[in-house]
Structures are given as structure tokens and as C-alpha cells.
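# Chains, contacts and geometry: an overview
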Amino acid sequence: MISALIEYFMDPLIALVGVFSLLAFFAGIASWAFSSFFEEVNQKRGRYLSESKRDELKEEYVLHSKLFYQASFLIAFVLISGLIVFYNIKGTPMQSHVLEWLNLLVRWTHIIFGILWIGASFYFIFLENSLNRTHNVRDELAGDLWAVHGGGFYYLEKFKLAPKTLPKVLHWFKYEAYFTWITGFLLLVVVYYMNANLYLVDKSVMDIAESNAILISLGSLIIGWFIYDFLCKSPLVDNGPMFGLVGFGISVAFAWGYSQIFSPRAAYIHVGALLGTLMAGNVFFGIIPAQKELVAAAKEKRPIDPSLGKNAGRRSLHNNYITFPVLFIMISNHFPSTFGHTYNWLVLAGIAGASVIVRHYLNMHEQGKDMSYLLPVAMFAIIGLIVYTGPKMNVVESVEGQEIELVGFGEARQIVNTHCLGCHSKYPTDDQYKKAPKNQVFDTPEDIIKAKDIIKKQAVDSKIMPMGNKTNMTDEERQRLGMWIDQGAKLE
Ligand code: HEC
């Protein structure tokens, strides 16, 4: 029992989760103890405070310390129960089944938080761009806006500075961003770290140990943030277009680097994870602290440092431009002709560039500047990409009069049997997949012929199958399989 437990925690990932759950548990205990102490002190001190000040402190207390220890305990509870469940199902058919459900639940929450975050941020950009700033605007206002939605009329006002008295209830928008990042990171763990040999590492790209791949993945997110943050504090940030170009160049460099280390699919997701980390980091380290300072200054009626707001505004503008590429990357794994392309990082750069151009057009349009000529530019970029990523024909029945041998079905089936059936069968023999992924089975000749186009996409035009190239499929085998398909996929 003890030795089984020790062996279980020898797995680097499980050990890491174990450490995190302990940390969360202790953080929970510490902040709980601290907060009861804090409340005690508050109550004693409270005797000398005015009613409203006491309420205010109470509110702060409820919001911050309580939330913190509740969240810590929740995280500890989830992680520890996860460890216990996983201990009992590891290596059984339940493992991949439970992982699938975990994947589903985390992905679902991730999308919900992502929509909340991006929806709110797009809405505020729209507000900012569409405010009525001239007609009948009170002196203290930057502008106002009327809207009708869901069967009611809404009227909003934006203040130039802070209002004279702060309202009792002030809505913040930050947890959307934090939870999007947290669930996104969990998804990275569930999909890419827990099956690192299949999803993260591709031996034909780079033959590295799973734990090293995970370290590179984590390290790159941290380094990426520091590079970006450094740029944001450098004079470069004053020059918007230049900053955009440099940022774009560095992102492409990261994309190239990832494509040299990780599986094609993981390479894309990591660019998305990095950009998403920058966005959430902007909220956490840049925008929210500035807003807190803004509120504190308004409460204490001191002047507001304008550079804070400016800095926060810039970061939020960066987020605005990053959104479209990130959203593409999040759905990219459905599109093998993008991430599975030999120069997938270049394809990503093209798509990201086109989407940033569209974003720029929209921003300008909302501010009343017409830059419609940008749209055809983006469209031609996409058309160029469609052509560039087009399928290669392996057919060549004859080259300059020379007869080329035909690849027979026997050979093609042999290749599929060797490299695909382990997973894609009614009775998989693979150690990790106990049922055919995505219900794709290639057991019978009919199965193979029916799936020939998608097989070509996954294993010939791109090398994303076999997953993580687990069966070491060679380029020549891919080409022979492709020839059979392009020569008509005949049963002879
Ligand atoms: C080690 C297991 C494994 C092997 C071997 C394997 N696959 Fe897959 N395959 C998977 C997994 C896992 C998925 C689901 C990927 C996902 O989550 O998008 C998949 C998905 C697919 C899909 C469906 C893609 C989609 O988006 O609907 C096709 C087609 C496919 N594989 C073809 C092949 C072919 C062809 C081979 C052999 C050359 C092969 N696979 C070998 C694990 C494997």
C-alpha cells in the first residue's frame, strides 16, 4: 500500500498536483485563521468608527478574506479528491473515460468564462467607441449612451473622472478573466500534460521526455509574460504600431519555437495559451490594480495619477487586438490543414495577421473612421492561405511517359493496420485508448474506404495522426498511403 502510494507520487505531474493541493489547503487554513483574527480586530476597532466606515470595512473583509479561504479550500478539495479518484482508476479502462469527462467539464466552463470575459470586454469597447460625447452632455460626463435590449431601455453615463460620491455597489469585471485563465490552464493540464506522450510530445518533431516538455511549456508561459511586461514598461509602448509589429514578430518567433518542440496541435495551443496568459496577466497585474487605485483615490478624494489609467488603457487595447487570434487558436484543433501544415507557424502568423487587420478595421469603424480597404487585404490573405495549405496530390500515375507503379489496397491496409488500428478499432489494443477515438474505426476495407479523405488529411497531408506518432509512422509510409488514396482508393 505505502509503496504503491509512493510510486503513484513519483509521477512528476501527480507529485506537482499533490504539492499544489497541500499548498492550497495550507493557504486556506492560514487565511481562515488570519481572517477570524482580522474580524476580531475589526470589531474592536469598529467601536470607534462611524457606521458607514464599519460597513465598508465589513464589506472588504467579506469580499476578500472570505473569498480567498473559500477558494483555497475549494481548490484543495477538488485537487485532493481528483488525486484519490485518479489513484483508483489509473491504468483501468475508466481512466480515459474519466479524463474525457473531465476534459468536457473543464472545456465547457472555460468557454462559458471566456464568453463572459470577451463579451464584457467587447461590450465596453463598443460603449467607449459609441458614447455620445457632444449632444447635451453634463459637464462632469465624458459621454452617455441610450440602448434598448431585452425589452427595456437603458441609459448609461461615463464620467470624465470619478463621481463626487462613489456608489455603494460598484460592479467590477475581473473574475471572468481570472477564471478563463484558470480553466484554460486546467484544460492544458488535462489534455496536454496528462497525456503528454500523445498530445504534447511528437517524437518525429523532437524526442524529449514528457516531464521536460511540461517544464518547457510552463517556462515558456512565464518567460513570455516577462518579455511582454518588459516591453510594456519600455519606451516602445508609446509607439502603438511599432509595439504591435514587435509583439507580432515575437509571437511568431514563439510559434516557430513551439513548432520545433511540440506536436503540431500542442504548438498551436501553446501560442494561444501564451497570448491568453498575457491577456489575463494584463487584467491581473495591470488593469485591476490601476482600477483599485482609481477607486481608492476617489474615496480619499485625492487626485488621480493619470499615467495609471493610461497604462491600463494600453494593456486593455493590446487585449483587444489579441482576442481574434486567440479565439482562432482555441478552435484550431478542428482544422488539420492549419496546425498540421509543414510550416504551421507560418500559417498561424498569416491567420493571426489577417484577424488583427479585421479587428483594427472594426475598432476604426466604431470610432467613425472608415478603413474599408483593410477588409479586402484580410480577405486576400485568407484566400492566399487557402491556396497555400491546399492538399498535395500524390497520384502520379505516370511521370513524363514513365509508368509509375500503383499502390495496391493490400499495402495500404497493411499501413493502416500497423499504424492506426491500435486505437481506431472496435477492439483497440492500445494501452491508453480503450475505445476508438472520435468513433473512427478502420477495421474493414469498407471502413477504410469510407474514411479515406479524412485519413489523408490526418496522416498524409499532415502528420497529426497517429497521435504523437506513437507507432513511428515514416514519411514514406505516409506517401504510399497517400498514393493509394489519390490513385482512386481501389480495393485491389
Ligand atoms: C495512439 C492512438 C492513435 C493512433 C495510433 C491513431 N490515432 Fe487517430 N486519433 C486518436 C485520437 C486520440 C483522436 C482524437 C483527437 C482529438 O481529440 O481531436 C484521433 C482522431 C482521429 C481522426 C478523427 C479526426 C477528427 O477530427 O474527427 C482520424 C480521421 C484519425 N484519428 C485517423 C488516424 C489514422 C489514419 C491513423 C493511422 C495512420 C491514426 N488515426 C492513428 C488516436 C490515435
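Described below are features of the structure shown in this document.

The rules behind these values
Residues numbered from 1 in each chain as written. Predicted model: local features only at pLDDT ≥ 70, side-chain atom pairs only at ≥ 80, totals over all residues. Helix = DSSP H or I, 4+ residues; strand = E, 2+ residues; numbered from the N terminus. Buried ≥ 20, exposed ≤ 12 C-beta atoms within 10 Å, placed from the backbone. Contact = placed C-beta atoms within 7 Å. Core = buried A, V, L, I, M, F, W, Y, C linked by C-beta atoms within 7 Å. Domains from an automatic or database assignment. Pairing = 2+ DSSP bridges. Near = placed C-beta within 6 Å. Nonpolar A, V, L, I, M, F, W, Y, C, P; charged D, E, K, R; others polar. Axes fitted to C-alpha atoms, helices over the stretch in contact; angles between N-to-C directions. Parallel < 35°, antiparallel > 145°, perpendicular 65-115°, else oblique. Left-handed = near helix turned anticlockwise from the far one by under 90°. Arc of directions from axis to C-beta. Expected span 1.5 Å × (residues − 1).

### As for the overall build of the protein chain
For the protein chain, the count of helices and strands is 17 helices and 4 strands. Put simply, the protein chain has 492 residues, and 26% of those count as buried. Looking at the protein chain alone, contacts between residues at least 24 apart form 65% of all its contacts between residues at least 6 apart.

### Concerning the nonpolar core
Residues Y192, A196, L200, A255, V271 and L348 are the most contacted members of the largest nonpolar core, which totals 73 residues. When residues of this core are assigned to their parent elements, the largest contribution, 14 residues, is made by helix α9 (residues 264-299). Taken domain by domain, this core gets at least three of its residues from each of domain 2 (91-388) and domain 3 (398-486). Discounting chain neighbours no more than four positions away, the residues touching A196 are V201, E210, A213 and I214.

### A few points about the pairing of strand β2 (residues 152-159)
Counting buried residues along β2, only 0 of its 8 residues qualify, which leaves the element largely exposed. Note that strand β1 (residues 141-149) and β2 share 8 bridges and pair antiparallel. Paired with V148 across the two strands is F153, which belongs to β2. Count of turn residues in the β1/β2 antiparallel hairpin: 2 residues, of which G150 carries a positive phi of about 55°.

### Notes on the site of the ligand
Of all residues adjacent to the ligand, which total 23 residues, the nearest are C420, C423, P437, M465 and P466. Top element by residues in the shell around the ligand is helix α16 (residues 452-461). It accounts for 4 residues. Here the shell around the ligand is built from residues that sort into 13 nonpolar, 7 polar and 3 charged.

### What to know about the environment of H110
Position of H110 relative to the elements: it lies in helix α4 (residues 93-130). Taking the C-alpha atoms as reference points, H110 and K233, separated by 123 residues in sequence, lie 30 Å from one another. Once residues within four sequence positions are removed from consideration, H110 is found in contact with T180, T183, G184 and L187.

### Some thoughts on the packing of helix α10 (residues 306-331) against helix α12 (residues 344-366)
The interhelical angle for the contact between α10 and α12, taken along N-to-C directions, is 135°, at an axis separation of 8 Å. Considered as vectors, α10 and α12 are oriented oblique to each other. At the point where α10 passes α12, the crossing takes the right-handed sense. On α12, the residues that touch N320, Y321, F324, P325 and F328 of α10 are I351, A352, S355, V356, V358 and R359. Partitioned by chemical class, the residues of the contact of α10 with α12 number 8 nonpolar, 2 polar and 1 charged.

### Structural notes on helix α14 (residues 409-419)
Every α-helix winds through 3.6 residues per turn, so residues three or four apart in the chain are directed the same way. Among the residues of α14, those classed as buried are A412, I415, V416 and H419. Seen along its axis, α14 keeps its buried residues to an arc of 95°; they face one direction. On its buried face, α14 sits against α15 (445-450) and α17 (475-486).

### What to know about the environment of T165
As for its position among the elements, T165 is in the loop between β2 and α5 (175-193). T165 sits in the exposed class, given 9 other C-beta atoms within 10 Å. Residues T165 and K301 lie 136 residues apart in sequence; the distance between their C-alpha atoms is 9.3 Å.

### Overview of unusual backbone geometry
Here M465 and P466 are connected by a cis peptide whose omega angle stands at -10°. Phi at K438 is positive, roughly 55°, even though this residue is not glycine. The topology assignment puts K438 in the loop between α14 and α15.

### A few points about the packing of helix α7 (residues 210-233) against α9
Geometrically, a packed helix pair is captured by the angle between its two axes and the distance between the axes. Where α7 meets α9, the axes come as close as 9 Å, and the angle between the chain directions of the two elements is 45°. Our classification of the angle between α7 and α9 gives oblique. When you trace α7 past α9, the crossing you get is right-handed. Here S217, S220, L221, G224, W225 and Y228 of α7 come into contact with α9, specifically with H270, A273, L274, T277, L278 and G281. The residue makeup of the contact of α7 with α9, split by class, is 6 nonpolar, 6 polar and no charged.

### A short note on α12
Spanning 23 residues, α12 covers 33 Å between terminal C-alpha atoms, matching the ideal 33 Å at 1.5 Å per step. Three or more residues of α12 are buried, namely N344, W345, V347, L348, A349, I351, A352, A354 and S355. Where α12 is buried, its residues touch α8 (240-261), α9, α10, α11 (336-339) and α13 (374-388). Backbone geometry just downstream of α12 places G368 in the positive-phi region, at approximately 85°.

### As for the environment of V347
Positionally, V347 belongs in helix α12. Residue V347 is classed as buried on the basis of its 22 C-beta neighbours within 10 Å. For the pair V347 and D229, spaced 118 residues apart in the sequence, the C-alpha separation amounts to 26 Å. When near neighbours in sequence (up to four residues on either side) are disregarded, V347 contacts T338, H341, L385 and T389.

Treat this as a map of the structure, not an account of what it does.
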